[in-house]
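So the chains spell out like this:
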Amino acid sequence: MYNYNGDNVKKWILLAMTCLLTACSAEIKIEESAVLKVAVENEAYGEGLKALWNETYPENADALEISVINEYEILEDVLSFKGIPYDVFLIKDEDVATALSHLYEIPSSFHENFEAGIREDFASTINTVKNCYYPMIADGFLYALNLTAIEEKGLQPEVFENFESMAAADVDNLFYYYDNPLFLLPLLSSDGSYFPGKEAAVVNFKSEAFLHSLNDYITIKKSLKLESDPAQFDQWFISQSYLSGLIGPWMQYEKSEEINEITLRFQKLPLIDGQQLKTLAVSYGYSINADTIYPNASLKLLELMHSVKGMQLLLDTTDLVPLILEEEMENFNYSKGHQKEKVTAMNGAMQQDLVGLKENANVIAMGIFDEESVRALIDHECMKDAEACTDLLSEKNAEWIKAQAGH
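Not measured: the values here are computed from a predicted model.

### Considerations on the environment of lysine 222
Then, number 1: You can see lysine 222 is positioned in helix H9 (residues 208-223).
Then, number 2: Taking the C-alpha atoms as reference points, lysine 222 and glutamine 352, 130 residues apart in sequence, are found 26 Å from one another.
Then, number 3: A distance of 3.4 Å separates a polar side-chain atom of lysine 222 from the backbone oxygen of methionine 383.

Structure (structure tokens):
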């Protein structure tokens with residue numbers, strides 16, 4: 001029979017509190033006979049991860065059972081009420097909210113054990129609700145230059161480091177634009193603090209931050225004479241009618257380079273008035289099943305994934321963009337075409353908004369920009385009077401939120 005001892009209980013509570021504060025790095029011991037079912041992005045990464053685990057923990061060799069899944073599989077498991085059949089698994093950031101109750105809560109400072117740093121800006125909104133997600137790779141638009149066409153125009157690539165020098169070049173078709181939130185929001189991001197996040201669940205159109213970004217957007221739109229050109233979407237770098245623009249991950253730019261005998265370069269978006277504009281990206285990372293019977297082994301696997309060797313393995317095997325901190329980039333080797341450029345460019349990206357409306361948590365707060373009437377207002381009325389336009393946008397947003405609440 002269990003004998004209750006108040007002093008012992010107090011000791012265990014103190015130990016537990018200490019573990020939460022220190023991430024229990026010295027206390028984590030892999031469970032005896034642990035076997036982890038691990039769901040990964042691709043077979044090469046899975047096989048490499050098994051080899052790295054066996055090398056690092058020979059006393060627990062062959063503890064990983066690898067499955068390869070697609071990005072929709074975890075969400076399908078959750079929505080079908082079957083439960084998640086893996087201990088550690090790849091998950092898309094926008095699916096975390098739906099899967100939240102299925103995810104193990106990791107000690108808040110556990111990432112301090114990681115040898116390679118994480119992009120906390122891609123995790124902070126999620127982990128404020130429940131500490132359960134660390135991003136590792138990202139997918140989204142990246143800014144690219146057509147170096148071949150730029151040289152033919154007699155320009156230097158340095159012209160494309162800021163919008164002021166681009167405007168001064170006075171050359172047509174410097175930058176490809178398309179009337180779509182994926183193109184609009186990056187150009188409205190010179191002060192992204194008006195975006196919903198940890199502190200807000202609505203777009204703050206009345207804020208100084210939005211007005212600042214709006215004025216920068218107007219400057220870009222006017223100085224580069226940007227006009228939406230949907231006929232060129234997906235085609236600007238193939239037809240070479242534009243010198244730079246945003247490339248989506250599906251656009252097969254490698255084939256374009258080969259067929260058209262051009263050279264592309266990926267980099268961060270140009271600055272405006274010294275401020276870094278940001279492209280949009282979704283992230284993916286590995287989370288732990290809340291029902292795992294091997295939480296220690298799972299935590300040690302996460303730690304291994306975020307080691308220098310673990311992140312190098314990811315670089316060697318993924319077709320997406322690993323999230324490597326800019327200050328740590330020289331710790332790694334980049335063997336794939338444009339890979340180092342894309343990692344650098346992704347350091348100038350921000351997470352697509354994951355915050356739902358207070359009135360309807362299933363509706364993303366930034367969804368207001370999906371409304372064609374709102375984008376038209378920004379591209380027409382705001383060009384005449386930016387400050388007065390913020391009142392109109394605020395009214396539109398209130399009407400839109402009210403409509404979503406009624407759905």
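### Description of the environment of alanine 376
Then, number 1: One can find alanine 376 in helix H15 (residues 372-379).
Then, number 2: Placed 197 residues apart in sequence, alanine 376 and aspartate 179 show a C-alpha to C-alpha distance of 9.0 Å.

### Thoughts on helix H14 (residues 339-346)
Then, number 1: Among the residues of H14, those classed as buried are Gln339, Lys342, Val343, Ala345 and Met346. Buried residues of H14 fall within an arc of 160 degrees about the axis and therefore sit on the same side.

### Here's the deal with the packing of helix H2 (residues 43-56) against helix H12 (residues 295-305)
Then, number 1: Running from N to C, H2 and H12 cross one another at 110 degrees; their axes reach a closest spacing of 11 Å. Judged by the angle between their axes, H2 and H12 are roughly perpendicular. Counted together, Tyr45, Leu49, Leu52, Trp53 and Thr56 of H2 and Ala297, Lys300, Leu301, Leu304 and Met305 of H12 form the full contact between these two elements.
Then, number 2: Considering only residue class, the contact of H2 with H12 consists of eight nonpolar, one polar and one charged.

### Some points on the packing of aromatic side chains
Then, number 1: Applying the stated criterion across every chain, the model contains 14 aromatic pairs.
Then, number 2: Aromatic side chains tyrosine 176 and tyrosine 242 sit 5.1 Å apart centroid to centroid with 75 degrees between the ring planes, which places their arrangement in the edge-to-face category. Placement of the pair is tyrosine 176 in the loop between helix H7 (163-169) and helix H8 (181-187) and tyrosine 242 in the loop between helix H10 (236-239) and strand S6 (244-247), with a sequence separation of 66 residues. With respect to class, tyrosine 176 is no different from tyrosine 242; both count as buried.

### Re unusual backbone geometry
Then, number 1: The phi torsion at aspartate 170 lies on the positive side, around 50 degrees, for a residue other than glycine.
Then, number 2: Inspection of the secondary structure assignment puts aspartate 170 in the loop between H7 and H8.
Then, number 3: Here aspartate 170 falls in the exposed class, since its relative accessible area comes to 60%.
Then, number 4: Its identity as a non-glycine residue notwithstanding, asparagine 173 has a phi of 60 degrees, on the positive side.
Then, number 5: Along the polypeptide, asparagine 173 turns up in the loop between H7 and H8.
Then, number 6: What makes asparagine 173 partly exposed here is its relative accessible area of 38%.

Rules used throughout
Residues numbered from 1 in each chain as written. Predicted model: local features only at pLDDT ≥ 70, side-chain atom pairs only at ≥ 80, totals over all residues. Heavy atoms only, no water. Helix = DSSP H or I, 4+ residues; strand = E, 2+ residues; numbered from the N terminus. Polar contact = N/O pair within 3.5 Å; in protein donor to acceptor, adjacent residues only side chain to side chain. Buried < 20%, exposed > 50% of the residue type's maximum accessible area, 1.4 Å probe, protein only. Arc of directions from axis to C-beta. Axes fitted to C-alpha atoms, helices over the stretch in contact; angles between N-to-C directions. Parallel < 35°, antiparallel > 145°, perpendicular 65-115°, else oblique. Contact = heavy atoms within 4.5 Å. Nonpolar A, V, L, I, M, F, W, Y, C, P; charged D, E, K, R; others polar. Phe/Tyr/Trp six-rings, centres within 6.5 Å; stacked < 30°, edge-to-face > 60°.

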